[in-house]
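Chain and residue survey
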Number of protein chains: 2
Amino acid sequence: MEPSAPPRRVTIVDVAKHAKVSVTAVSKVLRNAYGASPAMQAKVREAMAELGYRPHAAARGLRGQTYTIGVMVPDIYNPFFADIISGLTKQLHGTDYQVLVGPARHDYDNEALVTEAMIDRSMDGLVLIVPTSTPAQLQATAATVPTVVVGRHVCAAAYDTVVDNDTAGAALIVEHLVELGHRRIAHIEHVERTPALIASMPNTIRARGYRQAMQDHGLAAHIDVIASRYTREGGYLGAQQLLARRPRPTAIFAGADIAAMGVLEAVAEAGLSVPDDISVAGYDNSVYATLGPISLTSVDQSGHQMGNHAGRLLLERVADRHRPSTLISLSPTLAARRSTAAPPA
Amino acid sequence: MEPSAPPRRVTIVDVAKHAKVSVTAVSKVLRNAYGASPAMQAKVREAMAELGYRPHAAARGLRGQTYTIGVMVPDIYNPFFADIISGLTKQLHGTDYQVLVGPARHDYDNEALVTEAMIDRSMDGLVLIVPTSTPAQLQATAATVPTVVVGRHVCAAAYDTVVDNDTAGAALIVEHLVELGHRRIAHIEHVERTPALIASMPNTIRARGYRQAMQDHGLAAHIDVIASRYTREGGYLGAQQLLARRPRPTAIFAGADIAAMGVLEAVAEAGLSVPDDISVAGYDNSVYATLGPISLTSVDQSGHQMGNHAGRLLLERVADRHRPSTLISLSPTLAARRSTAAPPA
DNA sequence: TTGAAAGCGCTAACAA
DNA sequence: TTGTTAGCGCTTTCAA
């Protein structure tokens with residue numbers, strides 16, 4: 001059997017004819033707009049059901065809304081981002097809005113392309129997850145479409161922001177390690193090269209939070225930051241450098257779980273064991289951290305809740321584009337596991 | 001500063017006026033359609049550049065294409081699905097097509113909603129990743145929009161299919177374990193309850209492949225399948241049952257890496273060590289399997305390539321809806337790691 | 001309360 | 001080769 005031409009869609013006109021009313025009436029019922037009597041509503045809804053009518057979102061968008069929320073995600077593999085998306089999707093579930101995710105493949109230019117693609121598809125609102133665009137670019141995007149920025153420490157009148165308190169998160173790890181008796185605590189940072197981003201990227205703030213916390217605990221002399229990247233390889237290479245130090249740090253705090261995975265590999269390769277010889281901590285409390293053989297102490301920034309908030313804020317702004325902007329800063333919590341313990345005697 | 005009204009979009013009409021040509025001309029240039037002289041093309045392109053024109057994909061869709069490919073993904077956390085999406089996105093990179101992912105949150109009804117939402121948004125093509133809809137429903141979707149089904153062992157004239165040879169994959173693991181000297185090899189299956197799906201879901205095929213391979217190696221008497229689920233908890237509970245067996249199996253083959261994670265936890269909890277006391281293998285060769293402390297033997301079904309193929313097939317079908325359908329079956333490979341070894345003496 | 005009709009930005013038949 | 005114009009399915013003024 002050849003795939004025949006797709007059957008013509010049921011349109012608002014078909015519904016109107018079938019219910020013997022005007023298209024305007026159908027449109028009003030569709031939008032729950034003012035000016036349709038209960039009798040009219042019933043007639044129209046019945047016709048819709050009988051014909052199996054579904055509104056054509058794309059066509060609606062040409063005049064009104066598309067009921068679509070776009071999410072720009074820089075890395076489709078990052079389980080923390082999956083948490084955010086999951087929270088967002090759950091928040092929007094049951095509303096008329098559909099979440100569509102645009103993966104930017106780790107590339108700044110691509111982030112811009114994906115964001116533009118979403119605007120060109122008339123999305124009603126955008127969620128940008130840790131975007132690497134400048135504040136000015138964010139401003140420009142937000143001027144065009146309701147926007148929520150997640151994970152960047154920026155705020156502006158034009159958009160809402162949801163962040164984790166990364167300073168507090170870094171301090172949680174340092175405190176935890178100090179309480180266990182550590183002093184030589186090193187940090188692996190994802191280094192930021194673009195000047196315009198230094199002030200607002202979470203990786204930068206975590207490193208700053210680490211330094212601050214070390215100082216607060218009288219350990220300024222032991223501050224030791226490796227400029228690397230939040231990847232497995234970045235963690236691996238960073239740890240190799242740290243393990244070569246004499247005296248060796250007794251604890252390594254990687255700014256992200258995925259980097260901590262690389263740290264664990266370098267530590268194992270060096271013939272050392274975790275946590276007996278060295279403690280390792282991460283950040284994000286991702287699935288990785290929870291896996292039995294890994295059991296990584298980490299910082300939980302509850303991505304699920306961040307997604308919830310992002311969804312709520314976005315719908316509020318879609319409803320009222322001129323309402324004042326909001327910044328939500330969530331407090332992270334410590335997820336202590338078996339990868340951290342007292343330092344060797 | 002209040003967020004002012006968004007600036008009006010530059011449209012095809014603006015470009016036409018600016019270039020002092022007709023809108024048709026602009027449209028033709030946009031589509032590289034026949035009937036525009038080089039001089040005209042140059043003029044129009046220049047005007048587009050000067051005005052910073054971007055075509056409105058949603059509006060284009062009302063008559064022609066939207067240049068959007070939708071991907072229905074049942075579970076945004078599954079790293080194997082991320083592989084597929086990554087391969088697809090890479091394949092489509094550089095074309096005019098944009099990939100948008102709709103997360104279905106593990107729920108059949110949701111899968112249908114997401115698929116419908118994509119159709120209602122006039123997407124040009126759909127990629128359905130291991131959908132749990134019936135063959136008849138797949139047929140219906142494919143009749144409306146070009147569709148590629150990934151990971152389901154189905155084929156039909158209306159859509160293309162990309163699958164991994166799950167029978168061969170299961171056999172790879174069994175062979176590997178047999179060569180190591182195992183005989184009591186157990187399998188943890190994701191059980192399928194819907195009759196219409198039994199024949200075509202990868203989990204079912206893997207279990208069948210396991211039985212077949214055991215038989216081929218003269219181990220029919222040792223066939224031992226636990227009906228569970230492809231989740232951490234499913235693997236955990238399944239392994240608990242298996243570890244209580246006397247004699248105990250010397251190897252556990254979980255049908256998915258994520259289930260193998262649960263197996264590892266149950267094994268550790270039972271005070272046994274991997275691979276000295278018991279070997280563990282998974283399926284998917286996901287990031288989990290590669291992590292140092294886990295180092296799980298698994299089956300690589302190269303999701304990246306599956307995504308590549310899906311993208312290519314979809315564009316071919318968008319170009320010619322009536323070309324005959326294709327089934328691509330990829331051969332999996334074994335990724336042997338430290339979680340499997342010879343059974344205890 | 002109801003409905004007719006003018007667009008939204010673009011494509012595609014058709015005419016010039 | 002170029003331009004005019006009628007829609008695509010819906011929303012939204014504006015009359016009735």
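Summary of the structure given here.

Basis of the calculations
Residues numbered from 1 in each chain as written. Chains lettered and ligands numbered in written order. Predicted model: local features only at pLDDT ≥ 70, side-chain atom pairs only at ≥ 80, totals over all residues. Heavy atoms only, no water. Helix = DSSP H or I, 4+ residues; strand = E, 2+ residues; numbered from the N terminus. Buried < 20%, exposed > 50% of the residue type's maximum accessible area, 1.4 Å probe, protein only. Contact = heavy atoms within 4.5 Å. Areas by Shrake-Rupley, 256 points an atom, 1.4 Å probe, with all protein chains shown as cover. Lys, Arg positive; Asp, Glu negative; His and termini not counted. Charge placed at Lys NZ, Arg CZ, Asp CG, Glu CD. Least-squares fit on C-alpha atoms with pLDDT ≥ 70 in both. Near = heavy atom within 4 Å. Polar contact = N/O pair within 3.5 Å; in protein donor to acceptor, adjacent residues only side chain to side chain. Nonpolar A, V, L, I, M, F, W, Y, C, P; charged D, E, K, R; others polar. Expected span 1.5 Å × (residues − 1). Pairing = 2+ DSSP bridges. Axes fitted to C-alpha atoms, helices over the stretch in contact; angles between N-to-C directions. Core = buried A, V, L, I, M, F, W, Y, C linked by side-chain atoms within 4.5 Å. Phe/Tyr/Trp six-rings, centres within 6.5 Å; stacked < 30°, edge-to-face > 60°. Lys NZ or Arg CZ within 6 Å of the ring centre and 35° of its normal.

Within chain A one finds 14 helices and 12 strands. Every one of the 345 residues in chain A was classed for burial, and the buried ones make up 54%. Taking as baseline every contact in chain A between residues at least 6 positions apart, the subset at least 24 positions apart corresponds to 68%. Counting only carbon and sulfur atoms, one obtains 54% of the accessible surface of chain A, whose full area is about 14300 Å². With 32 positive and 32 negative side-chain charges, chain A shows a spacing of 7 Å between the two charge centroids.

Mapping chain B onto chain A is achieved by rotating through 180° and translating by 0.0 Å along the same axis, at an RMSD of 0.1 Å. What we have between these two chains is a two-fold relation. Distance from the rotation axis, computed per C-alpha, reaches its smallest value in chain B at Val-101 of chain B: 2.4 Å. Take the interface residues of chain B: 97% of them recur as interface residues in chain A, which is what a same-surface contact looks like.

Below, the discussion takes up the protein's contact with DNA strand D. Contacts to DNA strand D come from 27 residues, most closely from Ile-12 and Tyr-53 of chain A together with Thr-24, Lys-28 and Arg-63 of chain B. In DNA strand D, atoms within 4 Å of the protein come from the sugar-phosphate backbone in 57% of cases. In this structure, a phosphate oxygen belonging to DNA strand D sits 2.5 Å away from a side-chain N or O atom of Tyr-53 of chain A. Between DNA strand D and the protein, one listed contact pairs a phosphate oxygen with a side-chain N or O atom of Arg-60 of chain A at 2.8 Å. Going through the elements one at a time, α2 (23–30) and α4 (57–63) of chain A together with α2 (23–31) and α4 (57–63) of chain B are the ones with two or more residues in the surface near DNA strand D. A breakdown of the residues in the surface near DNA strand D according to their chemical character gives 13 nonpolar, 9 polar and 5 charged.

In the region of DNA strand C, 26 residues are neighbours, and Lys-28 of chain A together with Ile-12, Arg-31, Tyr-53 and Arg-60 of chain B sit closest. The sugar and phosphate moieties of DNA strand C supply 58% of its atoms located within 4 Å of the protein. One nitrogen or oxygen atom from the main chain of Ser-22 of chain A is found 3.1 Å from a phosphate oxygen belonging to DNA strand C. Between a phosphate oxygen of DNA strand C and a side-chain N or O atom of Tyr-53 of chain B, the distance comes to 2.5 Å. Elements that contribute at least two residues to the surface near DNA strand C include exactly α2 and α4 of chain A together with α2 and α4 of chain B. Across the surface near DNA strand C, the residue classes break down as 12 nonpolar, 9 polar and 5 charged.

Okay, helix α12 (residues 257–269) of chain B next. In this model α12 of chain B runs 18 Å from its N-terminal to its C-terminal C-alpha over 13 residues, within 8% of the 18 Å that 1.5 Å per residue would give. Buried residues in α12 of chain B make contact with β6 (185–190), α11 (232–243), β8 (251–254), β9 (279–281), α13 (287–290) and β10 (298–300) of chain B.

Residue and element names in this part refer to chain B. The 4 strands lie next to each other as β7-β6-β8-β9, forming an open sheet whose pairing is parallel. Of all strands in the sheet, those bounded by a partner on one side alone are β7 (224–228) and β9. Sheet twist, expressed as the mean angle between neighbouring strand axes with direction ignored, is 20°. Summarising the sheet, β8 and β9 pair through 3 bridges and their orientation is parallel.

This brings us to the nonpolar core. Side chains of nonpolar character tend, in soluble globular proteins, to be buried together. Counting 60 residues, the largest nonpolar core has Val-127 and Ile-129 of chain A together with Val-127 of chain B as its most contacted members. Judged by nonpolar contacts, the second largest core, of 48 residues, contains Leu-272 of chain A together with Ala-186, Met-261 and Tyr-288 of chain B.

Here we come to the pairing of β6 of chain B. Residue and element names in this part refer to chain B. Counting buried positions along β6 yields 6 of 6 residues, so the element is predominantly enclosed. Burial of β6 is two-sided: the residues Ile-185, His-187 and Glu-189 facing one way and the residues Ala-186, Ile-188 and His-190 facing the other way are all buried. Where β6 lies against β8, 4 bridges are found, and the strand directions are parallel. Within β8, the residue paired with Ala-186 across the bridge is Ile-252. Bridge count between β6 and β7: 5 bridges; the pairing is parallel. Looking at β7, one finds that His-187 is bridged to Val-225.

The next thing to look at is the environment of Ala-336 of chain A. All names here are of chain A. Turning to its location among the elements, Ala-336 is positioned in the segment after β12 (333–335). Separated by 242 residues in the primary sequence, Ala-336 and Gly-94 place their C-alpha atoms 36 Å from one another. Discounting chain neighbours no more than four positions away, the residues touching Ala-336 are His-176 and Thr-297.

Glancing now at the packing of aromatic side chains. Enumeration over the complete set of coordinates arrives at 5 aromatic pairs over all chains. Measuring from centroid to centroid gives 6.1 Å for Tyr-288 of chain A and Tyr-288 of chain B, while their planes differ by 75°, and the two rings are edge-to-face. Taken together, the positions of Tyr-288 of chain A in helix α13 (residues 287–290) and Tyr-288 of chain B in helix α13 put the pair across two chains. Pair check on accessibility: Tyr-288 of chain A and Tyr-288 of chain B agree, each one buried. Judged by centre distance (5.4 Å) and plane angle (55°), the rings of Tyr-67 of chain B and Tyr-97 of chain B are tilted. On the criterion of sequence distance, the pair formed by Tyr-67 of chain B in the loop between α4 and β1 (68–73) and Tyr-97 of chain B in the loop between α5 (79–92) and β2 (98–103) is long-range, its members being 30 residues apart. Across the pair, Tyr-97 of chain B and Tyr-67 of chain B agree in class, each one buried. Over the ring of Tyr-283 of chain A we find Arg-206 of chain A, and its NZ or CZ is 3.8 Å from the ring centre.

On to unusual backbone geometry. Residue and element names in this part refer to chain A. Following Arg-246, the chain continues into Pro-247 via a peptide bond in cis, with omega recorded as -5°. The residue Pro-247 is located in the loop between α11 (232–244) and β8 (251–254) in this model. Omega for the peptide link from Val-274 to Pro-275 comes to 5°, which places this bond in the cis form. Assignment of secondary structure puts Pro-275 in the loop between α12 (257–269) and β9 (279–281). Although it is not a glycine, Arg-105 sits at a positive phi angle of roughly 50°. Position of Arg-105 relative to the elements: it lies in the loop between β2 (98–103) and α6 (108–120). Residue Ser-122 is not a glycine yet carries a positive backbone phi of 55°. Assignment of secondary structure puts Ser-122 in the loop between α6 and β3 (125–129).

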